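# Commentary on secondary and tertiary structure
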Amino acid sequence: MNDHAFSFVTGALAVVSAVISLLRYYHSRLPNQRMETFDRIFGHSKELLARAREDGLITTEMWWAINATIMQLEVSALAARARVYASSQGLGAYAMRRELSKEINTLIEGAGALRLSIAVSAQRQLQLQSHWRA
């Protein structure tokens, strides 16, 4: 294989790799993919809350406060999900998808903050329980 053919093949592979990377990045930024990310984080948060409640690491007051946040996130997610469906049917313009992505990112941040709040509250309660046992 001569140098020109090798350079051509190497360049072609680089272009194909770059195109594939760009397509994967764009695909990961689509609203339906972002909603899947939200669903994973939100589901994990609810599982964490259930485990902490079963283990007695969340007080009743804290559980009600966290549950109120969960309800707010669920209502917001339901509205976003309807807009995601509309945008996936070709009914939405690019600007709508950008705004929807921002809204979904806010939901993801809220779910992450919820998960952190649950973990911190459970850890604090666990420390209090171990302090009283000692």
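Rules behind the numbers
Residues numbered from 1 in each chain as written. Predicted model: local features only at pLDDT ≥ 70, side-chain atom pairs only at ≥ 80, totals over all residues. Heavy atoms only, no water. Helix = DSSP H or I, 4+ residues; strand = E, 2+ residues; numbered from the N terminus. Rg over C-alpha atoms; globule rule 2.2 N^0.38 Å. Buried < 20%, exposed > 50% of the residue type's maximum accessible area, 1.4 Å probe, protein only. Phe/Tyr/Trp six-rings, centres within 6.5 Å; stacked < 30°, edge-to-face > 60°. Lys NZ or Arg CZ within 6 Å of the ring centre and 35° of its normal. Expected span 1.5 Å × (residues − 1).

### Comments concerning the overall build of the chain
- Per the secondary structure count, the chain includes 4 helices and 0 strands.
- For the chain, the N- to C-terminal ordering of α and β elements is α-α-α-α.
- In terms of C-alpha radius of gyration, the chain reaches 23 Å, well past the compact-globule figure of 14 Å for 134 residues.
- With the C-alpha coordinates aligned to their principal axes, the bounding extent of the chain is approximately 75 × 45 × 20 Å.
- Out of the 134 residues in the chain, the part that is buried amounts to 24%.

### Side note on the packing of aromatic side chains
- Applying the stated rule across the entire model yields 2 aromatic pairs.
- Each ring, one from W63 and one from W64, has its centre 4.8 Å from the other, and the planes form 80°; the classification is edge-to-face.
- Between R53 and the ring centre of W63, over which it is positioned, the NZ or CZ distance is 4.4 Å.

### A closer look at the environment of E36
- Tracing the backbone shows E36 in helix 2 (residues 31-54).
- Among the residues examined, E36 registers a relative accessible area of 40% and is labelled partly exposed.
- Put simply, E36 and R97 are 61 residues apart on the chain and 16 Å apart in space, counted from C-alpha to C-alpha.

### Some words on helix 2
- The first and last C-alpha atoms of helix 2 sit 34 Å apart over 24 residues, in line with the 34 Å expected at 1.5 Å per residue.
- What helix 2 keeps buried is the set P31, R34, M35, F38, I41, F42, S45, L48, L49 and A52.
- Phi turns positive, to about 75°, at G56, one or two residues after helix 2.

Nothing here speaks to function; it is geometry throughout.
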